[in-house]
Amino acid sequence: MERQAMNKNSKRCQEWLPRKKRFCASLALPGLEYCGNHRPSTTEIRVPCLIDPSHTVLQSELQIHAKKCPALKQLQSASQQPYFHEGMNAGSDDDGEDHRHVNYCLQEHNLLYHNLDNSENPIARKGVSRGQQAGATLPMAEGNSTLKSTSVSSKMKRSAVAVMHRAEFDDLLQRIESVHKNYCSEPEESVLQPMACCKWLESNIDKKLPFQEKHVVQQVSLLGNLENFGLTNSPTCNIRQCEVSYSEQTDVSNGCGIQKLVYVEFGAGRGYLSQMLCDCYGISNVLLVERRSYKFKADRTLRQLSGVHFARLRIDIENLNLEGVEMLQNSQFVGISKHLCGPATDLALRCCLATSANLSPNSNGRMEASPLLYGIGIATCCHHLCQWKSYVNKQFFVSLGFSPDEFHTITWLTSWALSGDEEHGDGHDISGSTCNYQEEKECNTGFSIAGERLNEVKQLLDKRERKALGMKCKQILDCGRLLWLKQNGLEVKFVQYVSENVSPENKLLLARWQHER
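Residues numbered from 1 in each chain as written. Predicted model: local features only at pLDDT ≥ 70, side-chain atom pairs only at ≥ 80, totals over all residues. Heavy atoms only, no water.

How should the overall build of the protein chain be read in this particular structure?
Across its full length, the protein chain carries 17 helices and 14 strands. Put simply, 71% of the contacts in the protein chain that link residues at least 6 apart link residues at least 24 apart. Of the roughly 24700 Å² of accessible surface on the protein chain, 47% is carried by carbon and sulfur atoms. (Helix = DSSP H or I, 4+ residues; strand = E, 2+ residues; numbered from the N terminus. Contact = heavy atoms within 4.5 Å. Areas by Shrake-Rupley, 256 points an atom, 1.4 Å probe, with all protein chains shown as cover.)

Dropping the structure here:
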């Protein structure tokens, strides 16, 4: 092959990486054509690393590698930080809210969902008939279910769909259609190009930065929707007992001490969304949260911007306690993200709402406050990776009669929203997002997998119907998230912020505290 011949003169590894469309960049081992990760073996198999499953090692070297894996040092360093709290935002298999709160939200929500009395709702009745009474313990999968694991891979989800009888699948489809009809409506189209971002749209920016028009269009509209929703303004303190205004001149001697607004970008990747936010809106405080290391980050530019206070935390959102972040003390914050992948959205929502209005005097007698959430703007992505354990509103699904197994089936069906139509194929726009989960390589496989039983399921619907079903499943998952936020006292909005030809992952979740809290 020509590309292999071109790499023969290099001292680099000869392994071709199809997803990255390049050769491995690591140096080859002495006397070999491959690096340690890609060294061929005829007798041993490679297994995921115990510390970081994103790479593999020979099974015989697994324990030795675990003691010297570079990811181990980074994990140990992160675990010693004051903001590290292991599993704080992970959720659990059997946690959940009281049904009474969920039903109240279903009736009161007036943005995306119709007002319904659950006593007259056939879906809710069906759920109650399954023993899921209000206030009951959250049920787990019964019998010989294959989906009891707290982390369910896409392969396991596909297998569960493949063994479903046609009657079971038809029943699930009818319930999905009924839930979507009763609770969901199409999100408002809100494709914005605010004046503040004109120079980015005109490419009048630092030419050293990687520039891709489709990403800029998404970022511009996302920030425009934040502005339109009031999340780029300087808010006033949300604590009931204090009405201190944000300004550098605020007298905090008798107040809560909250003085600034910080933007926390979850799954920040290279950080270009935060860079645009600072460049276009004059934001002066940004915190980037990302568990991976990236090249060509915007960090250098952010450090050089006058008046910008910037920090990056390399940590999994699952373990992040914002109250331990020094930069967020005496602050309110807005949680933002462009394409926060699958369960990472749920982790980020928990992380944002885990903060509380705790006031305490410092050594000078002045009151200090832990960080307070002001608002959220998250573009959701990769619903097929969502997990029952991490999902924030399990009781929403329970109240509608869905079991954890059926939840995972619904998450797998969301892949049809992107692959149910040949027009999109593998064009799922996840670049620049946090799609770095172990199953990301399975993204967009949709229904194109082997298996006679699954082919029978596939043939029940044509491509257009599969795509429509996948989109409905995605909206139901986002519906539960919105209701959870509303239940916790936030005003919510759900919009389509870019057209589908720019990115099929084009929905934006917005939330802020209601004016009277």
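Now that the structure has been shown, we can carry on.
Looking at this structure, I do not really get the nonpolar core. What am I missing?
A general tendency of soluble globular proteins is for nonpolar side chains to be buried together. Grouped together as the largest cluster of nonpolar side chains are 37 residues, with contacts concentrated most on Phe-266, Leu-287, Leu-320, Val-325 and Ile-376. Every element with two or more residues in this core is listed here: strand S6 (260–266), strand S7 (285–289), strand S9 (331–341), helix H12 (343–353), strand S12 (372–381), helix H17 (463–487), strand S13 (490–496) and strand S14 (507–513). With six residues, the single largest contributor to this core is H12. (Core = buried A, V, L, I, M, F, W, Y, C linked by side-chain atoms within 4.5 Å. Buried < 20%, exposed > 50% of the residue type's maximum accessible area, 1.4 Å probe, protein only.)

Looking at this structure, how should I read unusual backbone geometry?
If a residue is not glycine, its phi is most likely negative; likewise, a peptide bond is most likely trans. One non-glycine residue, Lys-21, lies in the positive phi region at around 55 degrees. By secondary structure assignment, the location of Lys-21 is in the loop between strand S1 (16–17) and strand S2 (22–23). Classification of Lys-21 by relative accessible area gives exposed; the value is 68%. Here His-339, not a glycine, exhibits a phi torsion of approximately 60 degrees, which is positive. Structurally, His-339 is set in strand S9.

Explanation requested: the packing of aromatic side chains in the structure shown.
Evaluated as defined, the whole model comprises nine aromatic pairs. With centroids separated by 6.2 Å and ring planes inclined at 85 degrees, the aromatic side chains of Tyr-183 and Phe-396 adopt a geometry described as edge-to-face. Within this pair, whereas Tyr-183 is found in helix H7 (residues 166–183), its partner Phe-396 is found in helix H13 (residues 394–399), the two being separated by 213 residues in sequence. For the pair shown, Tyr-183 and Phe-396 are each scored as buried. For the ring pair Phe-397 and Phe-407, a centre distance of 5.0 Å and an interplane angle of 85 degrees mean the geometry is edge-to-face. Here Phe-407 lies in helix H14 (residues 404–413) and Phe-397 lies in helix H13, a separation of ten residues in the sequence. Residue Phe-397 is classed as buried on the basis of its relative accessible area of 0%. A connected cluster of aromatic rings, assembled from ring pairs, spans Tyr-183, Trp-388, Tyr-391, Phe-396, Phe-397, Phe-402 and Phe-407. Between the NZ or CZ atom of Arg-512 and the centre of the ring of Phe-229, over which it lies, the distance is 4.3 Å. (Phe/Tyr/Trp six-rings, centres within 6.5 Å; stacked < 30°, edge-to-face > 60°. Lys NZ or Arg CZ within 6 Å of the ring centre and 35° of its normal.)

How should the pairing of S6 be read in this particular structure?
Strand residues, when the strand is regular, have side chains that alternate between the two faces of the sheet. Burial runs high along S6: six of the seven residues are buried. When S6 meets S9, the two strands line up parallel, connected through six bridges. Bridged to Tyr-263 within S9 is Val-334. Here S6 pairs with S7 via four bridges, running parallel. Looking at S7, one finds that Val-264 is bridged to Leu-287. At this point the chain moves from S6, through helix H10 (residues 272–281), to the parallel S7, and the crossover so formed is right-handed. (Pairing = 2+ DSSP bridges. Right-handed = clockwise from strand over helix to strand, strands pointing away.)

Any chance you could explain the state of the cysteines here in plain terms?
Working definition of a disulfide: a covalent bond connecting the sulfur atoms of two cysteines. Tallied over the full model, the rule gives zero disulfides. The cysteine Cys-24 is free of any disulfide, with Cys-35 supplying the nearest cysteine sulfur at 3.9 Å. Among the residues examined, Cys-24 registers a relative accessible area of 7% and is labelled buried. Cysteine Cys-198 is unpaired, with the sulfur of Cys-197 as its nearest cysteine sulfur at 7.8 Å. (Disulfide = S-S within 2.5 Å.)

Is there a simple way to think about the packing of H14 against H17 in this case?
Helices that pack against each other are described as a pair by the angle of their axes relative to one another and the distance between those axes. Viewed as axis vectors pointing N to C, H14 and H17 meet at an angle of 125 degrees, and their least axial separation amounts to 8 Å. It follows from the interaxial angle that H14 and H17 lie oblique. Considering how the two elements wind past one another, H14 and H17 form a crossing that is left-handed. On the side of H14, the interface is formed by Phe-407, Ile-410, Thr-411 and Leu-413, while H17 contributes Leu-469, Gly-470, Cys-473 and Leu-477. (Axes fitted to C-alpha atoms, helices over the stretch in contact; angles between N-to-C directions. Parallel < 35°, antiparallel > 145°, perpendicular 65-115°, else oblique. Left-handed = near helix turned anticlockwise from the far one by under 90°.)

From the geometry alone we can't say anything about function, so treat these as descriptive.
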